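Spelled out, the chains give:
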Amino acid sequence: MVADAQSQLLALVGGGIAQSLSPALHEGEARRHGMRCLYRLLDIGPVDHGADGRLDEVLRSASQLGFSGLNITHPYKQLAIPHLHRLAPSAQRIGAVNTVVFTDSGAVGHNTDVQGFGAAFTRGLPGASMDEVVQLGAGGAGSAVAYALLDLGVQRLWLTDPILERARSLAKNLNASTGTDWARVVTAPEAEARTAVATGLVNASPIGTEHDLRLPLPKSSLHPHLWVADVNYHPLWTPLLTTAHALGCRALHGGGMLVHQAAESFRLFTGCEPHTSNMLGDFADLTAEVGAHS
């Protein structure tokens, strides 16, 4: 059952999502369009032996109950794919889904994270050097960020992940799309060494969130000529960003990516043009973060 375009029933599916700002962002934007919108959080817990069944049940039930769509977040962006009827080109390219739209012909998976990170980066780090970038994390968010970095013109990407095979798979797909060895996989110690001479660092891992307030790599790897981006936004200024900023690095928090991907998801859910600047203002108000507008 597909929902009335003027009455949106939406939800975020993931694990450990109680602090998500997605409900406020989507409901606030819907009000600006004169829509009724109810956005729920569906926390189905960590990935364990029963996770696949829970995910399948949520996706089937949401479709039957008249949801317009769902956002999918960590750790289910890749696991959701087998449960969908088809993938849009954005999700096929990345191999991860963060937005599901329910249509008359079934559940369609999209990915708005690439656009989200790209727009946030362009807005927040103009003129940043794209020579050599180290990326930590190659999961669902990491896949999108890597493709965004490719689109942004990064010359060389060094990838690492606790599951090195996941990084190798992502690098293989990236290199197949470029016909080069643009992305290379490194171990964690090698990533630290590369960061010491790199021009950019992206943390696309969950390290640094309120559940794991560690630095994802030693402080000694950071240097003032490095720009640093973090996809996390709880806390907004992660230990990595706080440390990097104190060293003189240009820093980009995950709020911009959150807002820009949400705006693209809103467009897919409703068919309406989002007021992204207003959504950035909403985020700033929600987080009391003065710099979030810019």
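Residues numbered from 1 in each chain as written. Predicted model: local features only at pLDDT ≥ 70, side-chain atom pairs only at ≥ 80, totals over all residues. Heavy atoms only, no water.

A. Spatial organisation of helix α4 (residues 113–124). Between its first and last C-alpha atoms α4 spans 16 Å; for twelve residues at 1.5 Å apiece the expected length is 16 Å, and the two agree. Along α4, the residues that are buried comprise Asp113, Val114, Gly116, Phe117, Gly118, Ala120 and Phe121. Contacts made by the buried residues of α4 are with α3 (89–94), α5 (140–152), β10 (200–203), β11 (227–230), β12 (250–252) and α9 (255–270). (Helix = DSSP H or I, 4+ residues; strand = E, 2+ residues; numbered from the N terminus. Expected span 1.5 Å × (residues − 1). Buried < 20%, exposed > 50% of the residue type's maximum accessible area, 1.4 Å probe, protein only. Contact = heavy atoms within 4.5 Å.)

B. A look at the pairing of strand β5 (residues 99–103). Among the five residues in β5, four count as buried, and that is most of the element. Pairing of strand β3 (residues 69–72) with β5 involves three bridges; the strand directions are antiparallel. By the bridge assignment, Leu70 is partnered in β5 with Val100. From the end of β5 to the start of strand β6 (residues 106–110), which pair antiparallel, there are two residues. (Pairing = 2+ DSSP bridges.)

C. Geometry of the sheet that holds strand β8 (residues 157–160). Ordered in space as β9-β8-β7-β10-β11-β12, the six strands form an open sheet in which the pairing is parallel. Edge positions in the sheet fall to β9 (183–185) and β12, since each has one partner strand and no second. When strand polarity is set aside, the average angle formed by the axes of neighbouring strands in this sheet is 20°. Sheet strands in contact with α4 are β10, β11 and β12, and its direction is about 145° off that of β12. Each of β10, β11 and β12 touches helix α8 (residues 239–246); the most contacted strand, β11, lies at about 165° to it. (Axes fitted to C-alpha atoms, helices over the stretch in contact; angles between N-to-C directions.)

D. Geometry of the packing of aromatic side chains. A full pass over the atoms with the stated rule returns three aromatic pairs. Here Phe121 and Trp227 contribute two aromatic rings whose centre-to-centre distance is 4.8 Å and whose plane-to-plane angle is 75°, an arrangement assigned as edge-to-face. One end of the pair, Phe121, is in helix α4; the other, Trp227, is in strand β11, with 106 residues separating them in the sequence. Look at Tyr233 and Phe283: their rings are 6.3 Å apart centre to centre, the planes differ by 70°, and that puts the pair in the edge-to-face class. Within this pair, whereas Tyr233 is found in the loop between β11 and α8, its partner Phe283 is found in helix α10 (residues 276–287), the two being separated by 50 residues in sequence. There is no split in this pair, since Tyr233 and Phe283 are both buried. Just above the ring of Trp158 sits the side chain of Arg194; from NZ or CZ to the centre is 3.8 Å. (Phe/Tyr/Trp six-rings, centres within 6.5 Å; stacked < 30°, edge-to-face > 60°. Lys NZ or Arg CZ within 6 Å of the ring centre and 35° of its normal.)

E. Looking closely at α9. Helix length check: α9 (16 residues) gives 22 Å between terminal C-alpha atoms against 22 Å at 1.5 Å per residue, within 8%. Within α9, 14 of the 16 residues are buried, leaving the element largely enclosed by the surrounding structure.

F. The arrangement of the nonpolar core in detail. With 33 residues, the main nonpolar core has Phe117, Leu149, Leu174 and Trp227 as its most contacted residues. Those elements that place two or more of their residues in this core are α4, α5, β8, α6 (164–178) and β11. Of the residues forming this core, the biggest block, six residues, is contributed by α5. In this structure Leu149 touches Phe117, Val133, Gln135, Val154, Leu157, Trp182, Val202 and Trp227, once residues within four positions along its chain are discounted. Formed by 19 residues, the second largest nonpolar core is a distinct cluster that contains Ile44, Leu55, Ala62 and Ala91. (Core = buried A, V, L, I, M, F, W, Y, C linked by side-chain atoms within 4.5 Å.)

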